[in-house]
Amino acid sequence: MSSILHVNSSCRESILDVPATLGRHNKRWHLAFATIYCSRALHSLLNKKKSSKPPVSTHSFVVLSVEPHLAFPNIDHTSLTAVVKEKNLDQLRELGGVEGVADALKTDTKNGICGAVEDVAERQETFGSNTYPRPPTKSFFYFVLEAFKDLTILILLACATLSLGFGIKEHGLKEGWYDGGSIFVAVFLVISVSAVSNFRQNRQFEKLSKVSNNIEVEVVRGGHRQKISIFDIVVGDVACLKIGDQVPADGLFLAGHSLQVDESSMTGESDHVEINSSQNPFLFSGTKVADGYAQMLVTSVGMNTTWGEMMSTISRDNNEQTPLQARLNKLTSSIGKVGLAVAFLVLVVLVVRYFTGNTEDENGNQEFNGSKTKADDIVNAMVRIIAAAVTIVVVAIPEGLPLAVTLTLAYSMKRMMADQAMVRKLSACETMGSATTICTDKTGTLTLNQMKVTKYWLGKEPVEDSSSIATNVLKLIQQGVALNTTGSIYRATSKSEFEFSGSPTEKALLSWAVLELDMDMERLKQNYTILHVEAFNSEKKRSGILMRKKADNKIHVHWKGAAEMILAMCSSYYDASGSMKELDDGERMTFEQIIQGMAASSLRCIAFAHKQIPEEEQEIREGRQKLKEDSLTLIGLVGIKDPCRPGVRKAVEDCQYAGVNVKMITGDNVFTARAIATECGILRPDQDMNSEAVVEGEVFRKYTSEERMEKVDKICVMARSSPFDKLLMVQCLKQKGHVVAVTGDGTNDAPALKEADIGLSMGIQGTEVAKESSDIIILDDNFASVATVLRWGRCVYDNIQKFIQFQLTVNVAALVINFVAAVSAGEVPLTAVQLLWVNLIMDTLGALALATEQPTKELMEKPPVGRKEPLISNVMWRNLLAQALYQIAILLTLQFKGQSIFGVSEKVKDTLIFNTFVLCQVFNEFNARKLEKKNVFKGLHKNKLFLGIIGITIILQVVMVEFLKKFADTERLDWGQWGACIGIAAASWPIGWVVKCIPVSDKPFLSYLKW
């Protein structure tokens, strides 16, 4: 034990061996560091003694430098980090509490750091930046390896290797590499496209992750409250926290009220933790503010926080499979099984024909002559037969479907970002296309969120001029606005403009009180001490403060909030002359009518109330920290105007025209809600108040579950709703089979956002909790952007259907032609290389061309796509079967009669079949652009990518036929033969036009099959 104490004391001496010139704070820091370190050293040595190993002198205590940084000589950052992480209250007190830490960090607890560029840079250099290293991104090589894991690719590579080996052995290196080499090239192209596509999508997710992590945080710098990026926060910053915010870094509680923090992301405990200056001033990065508001002093950032250490090991999961991808994988596997069966039959037929002597070589000789045939020839023939069968499988399996989904989702995500919608979950893109109901907020979504006080009522009289307000009432209003607020006012000089910060409502009230009522917020704050605060939230719809006047020690309570709720708490009111009057039932009804009148003019009505606490109740109030909620005196009513967003009525009408119901759920009263809903087009003017279209949250809550289910479809507006009412409505709508999209911005909206099929949070007003619970973030808070998301959702689904129609047409045609030819003639007209080329056109270039079609107005003319509607609709079956039958008829005619019709050799006939088949797909790609519309060329000029891909396909086809004779196993065609191929292929346009005139029933064509 003595050796331990010796080590401990020598450790303490070495740490405390500091220049005598250091100040009181510096000595205190060194003492703190010594205490923390030595207690750790003692603990570790005791642990070592418990183990059988002898205590070994380690140099762990020299890892932490005790040399103070030149810019901050009074602080050791490692010790400070440890104090906060370990919640060491005793140690914090030894350092002089939060004030002592602020002094050491050169922070003014009221005005923050100075905020100069040099100061911020110096702090970042000394204490680090608020960032953490990301896990290394997946390289391109990783996606190439992933592509190689595809079983079909592996089988093809095996065939290519065998084909290459036997080809070189039989024909020599100069000509023997063609077959095997061509399969290698085709496989390389398929792998390259797949890897490039997945690599780019991964990069897009990385960018999205950076954007979604870049949270705006309010800080005080140089006395000015301002918003900065979370990445720019530095040690010493004074950060402002309110309900729903994410704590941006580790730090200490400076000032605030009723602060409760959700630390479940760190500890797993669901109970909220109370934060205060006396018992628990420690705040941790990544936790969420559940209630109250506060200012915090940042003590650690980035990798010095527990959150930073944790996040650096976590990468964003982008392997999410969307419901549509899951359905497509099922469809792919069903088609693959059919292809496999066909390929197996072809394999059996070809093998039987070979061994029964029914096949001939290029010179017309029988290929198999029993024992006379060389083993090499047999193996070579088998490889060729297997390659043909495997290639049929490759063509049959539409591996382009998942690629098409990936491409269309990635493309739409990128375009939606430009249209002010950031997709957090890929599945939301496609689900939005099926949305049948949108439940939207009012404030900021349907309205501009630019609030301005336009009316003030004192007693039963509207006040036009602030000079006519009685002095005693004016003082009370100023107190109510200045002290019962989470907003703030900044003015650089006496001549500069006022800057107001806080929520839009708070800013409107502060602006009105300062500019019209000459309120001096600083002076009021100096004259009063705030004892307790009840912060505003969307359930209570009010906020209150308990305060003591310093001059006479009298205690007052101030409330403000939703007018009818504050009115219910009052028993008296101030009239225009400033006299207090009793509030009887008649007067109360008059005030209710005033509130309704303001609400009917689309004004948000806020009431102010006050009460001086009698002396005998003062001590009880202080002790209980509970605000008086009855017998208050009404100070006045304020009407705040929040105009509707331009274009919102058109967006609502677009949604309704598309068969999507729009419901407004708001915390405002019935009259305001009704006025705004009518203005936006959600309510028709003829829908009166007695209809079931407008309901209050409380009424909806009290319905029986049967009543709710019966009435929920008729409800257009829910006023005075709580977050629970919103959740209840979403659950009811989902039970009735609706696909529900919900907008939300508050912390309490999180349950409804999670419950909905698509959660849409607001990028400007939305809290971090709401954003994390949502699938899509509407960056400009505009309802028109919600309508845009709906359009894009439908576009995704439509593009996938176009591609399925195009792909299945090729699959059906290729399978039937090869099967019939193999069974009847014993040979496959389309060789392995040719089929792989067709596969490349379909899967890759086709996916790229059809997946990038932009949304059209026609999409909003159709009803929403139901959850359980088949992927392949009757319209698609009609289109694809007509085209496939035409292609099969033409190509089988060419197969059996082509030589006599054109008077050409068999090799040229096979080239004609190949060329016609490819050109049919090129022309059919135009047909696939419109599933139901006859004019397939409408809007074609806008899709440059589509035209580019068609051009590239034609050029490559010409190269394949005319210049790659041996590689592609083709013969050159003359102008007449090219004309014939183009003419036959072009006939698919008029056929497509005629077929679209045939009506189809609504009942699914394959209702007995579940894809």
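Structure: above.
In short, a report on the structure. Throughout this document, residue positions are counted from 1 along each chain, in the order its sequence is written. Given that this is a predicted model, residues contribute local features only at a pLDDT of at least 70 and side-chain atom pairs are listed and counted only at 80 or more, while totals for whole chains, interfaces and linings are drawn from all residues. Only heavy atoms go into the side-chain values, all of them from the structure, while hydrogens and water stay out.

1. A look at the overall build of the chain
Right, so step 1: Segments assigned H or I by DSSP are reported as helices when at least four residues long, segments assigned E as strands when at least two residues long, and all are numbered from the N terminus. A count of helices and strands for the chain gives 36 helices and 26 strands.
Right, so step 2: Counting across all 1011 residues of the chain, residues that qualify as buried make up 54%. Partly exposed residues are those whose accessible area sits between 20% and 50% of the maximum for their type, while under 20% is buried and over 50% is exposed, using a 1.4 Å probe and protein chains only.

2. A word on the pattern of salt bridges
Right, so step 1: In what follows, salt bridge is the name for a side-chain nitrogen of Lys or Arg lying within 4 Å of a carboxyl oxygen of Asp or Glu. Applying the stated rule across the entire model yields 34 salt bridges.
Right, so step 2: Between K87 and E263 there is a salt bridge, and its shortest N-O distance comes to 3.8 Å. Residue K87 is found in the loop between α3 (77–85) and α4 (89–94), and its partner E263 is found in the loop between β4 (250–262) and α10 (264–267); the two are separated by 176 residues along the sequence.
Right, so step 3: Among the residues examined, E263 registers a relative accessible area of 5% and is labelled buried.
Right, so step 4: For E755, the salt bridge goes to K734, with nearest N and O atoms at 3.9 Å. Remark: K734 occurs in helix α26 (residues 723–735) and E755 occurs in helix α27 (residues 750–755); sequence separation between them is 21 residues.
Right, so step 5: Each member of the salt-bridge network shares a partner with another, and the members are K442, R604 and D668.

3. Notes on empty space enclosed by the protein
Right, so step 1: Site definitions follow a grid-based scheme: protein atoms alone, a 1 Å grid, a 1.4 Å probe that fits but cannot get out for cavities, and for pockets an open set with protein on both sides within 12 Å along at least five of seven lines, plus lining residues having an atom within 4 Å of a point. Grid points are joined across faces, edges and corners, and a volume is the space filled by probe spheres set on the points. With the rule as written, the count across this model stands at three cavities of 30 Å³ or more.
Right, so step 2: Around the largest cavity, the lining residues are Q805, N879, Q883, N924, N927, G992, V995 and K996.
Right, so step 3: Only α31 (874–902), α32 (906–928) and α36 (988–995) provide two or more residues apiece to the lining of the largest cavity.
Right, so step 4: For the lining of the largest cavity, the per-class residue count stands at one nonpolar, six polar and one charged. Only Asp, Glu, Lys and Arg are considered charged in this grouping, and only Ala, Val, Leu, Ile, Met, Phe, Trp, Tyr, Cys and Pro are considered nonpolar; every other residue, Gly among them, is considered polar.

4. Some points on a nonpolar patch on the surface
Right, so step 1: In this scheme, patches are assembled from residues that exceed 30% relative accessible area and form no salt bridge. Like charges are connected within 9 Å, while nonpolar side chains (Val, Leu, Ile, Met, Phe, Trp, Tyr) are connected within 5 Å. Under the convention used here, a 1.4 Å probe and the Shrake-Rupley method define accessible areas, while residue burial counts only the protein chains that appear. Together, I954, I955, V958, V959 and F963 make up a nonpolar patch on the protein surface, roughly 420 Å² of accessible area in all.
Right, so step 2: By the secondary structure assignment, I955 is in helix α33 (residues 944–962).

5. Quick look at the pairing of strand β20 (residues 632–641)
Right, so step 1: Here β20 lies mainly inside the structure; nine of its ten residues are buried.
Right, so step 2: At least two DSSP bridges between two strands are required for those strands to pair. Judged from the three bridges that link them, strand β17 (residues 570–574) and β20 form a sheet pairing that is parallel. Note that in β20 the partner of C570 across the bridge is L632.
Right, so step 3: Pairing between strand β19 (residues 603–612) and β20: eight bridges, direction antiparallel. In the strand pairing of β20, I606 is matched with V638.

6. Quick notes on the sheet that holds strand β9 (residues 437–440)
Backbone hydrogen bonds hold the strands of a sheet together, and the pairing may be parallel or antiparallel.
Right, so step 1: Here eight strands make up an open sheet; going across it, the order is β8-β26-β25-β24-β9-β21-β23-β22 and the pairing mixed. The strands lining the two open edges of the sheet, one partner per strand, are β8 (421–423) and β22 (694–696). Neighbouring strand axes in the sheet, compared pairwise and without regard to direction, differ in orientation by 20° on average.
Right, so step 2: Across four bridges, β9 lies against strand β21 (residues 661–665) in parallel orientation. Its bridge partner being in β21, I438 is matched across the sheet by V662.
Right, so step 3: Helix-sheet contacts for helix α23 (residues 670–680) involve β21, β22 and β23 (717–719), and the interaxial angle to β23 is about 150°.
Right, so step 4: Contacts between residues were defined by any pair of non-hydrogen atoms, one from each residue, lying within 4.5 Å. Only the contacting stretch of a helix is used when fitting its axis, a line to C-alpha atoms as for every element, and angles between N-to-C directions run 0 to 180 degrees. In the packing of helix α29 (residues 783–825) onto the sheet, the strands contacted are β8, β9, β21, β24 (740–744), β25 (758–762) and β26 (776–778), and the crossing angle to β26 comes to about 145°.

7. Quick notes on the pairing of strand β10 (residues 452–458)
Right, so step 1: By the bridge criterion, five bridges tie β10 to β20 in an arrangement that is antiparallel. From the neighbouring strand, K452 faces β20, where its bridge partner is K641.
Right, so step 2: The pairing of β10 with strand β11 (residues 461–462) spans two bridges and is classified as antiparallel. Bridge assignment links W457 to a residue of β11, and that residue is P462.

8. Quick notes on helix α20 (residues 585–600)
Right, so step 1: With 16 residues, α20 should reach 22 Å at 1.5 Å per residue; the first-to-last C-alpha distance of 22 Å fits that figure.
Right, so step 2: Along α20, the residues that are buried comprise E587, F591, I594, I595, M598 and A599. An end-on view of α20 places all buried positions within 135° of arc, on one side of the element. Facing away from the buried side of α20, by more than 90 degrees, are the exposed residues D585, M589, Q593 and A600. What a helix is expected to span follows from its residue count: subtract one and scale by 1.5 Å. The directions from the helix axis to the C-beta atoms form the arc being described.

9. Some thoughts on helix α16 (residues 471–483)
Right, so step 1: Compared with the 18 Å implied by 1.5 Å per residue over 13 residues, the 18 Å span of α16 between its first and last C-alpha is a close match.
Right, so step 2: The set of residues buried in α16 consists of V473, L476, I477, Q478, Q479, G480, V481, A482 and L483.

10. Considerations on the nonpolar core
Right, so step 1: Residue types Ala, Val, Leu, Ile, Met, Phe, Trp, Tyr and Cys, when buried and joined through side-chain atoms within 4.5 Å, form a set referred to as a nonpolar core. Of all hydrophobic cores here, the largest spans 85 residues; its most connected members are I682, I776, F783 and I804.
Right, so step 2: It is α29 that contributes the most residues to this core, 14 residues altogether.
Right, so step 3: Among all residues touching I804, those that are not within four sequence positions of it are L328, L331, L401, L871, I872 and M876.
Right, so step 4: Counting residues in each nonpolar core, the second largest holds 65 residues, with V144, V904, L919 and A985 among its members.

Read these as geometric descriptors, not functional statements.
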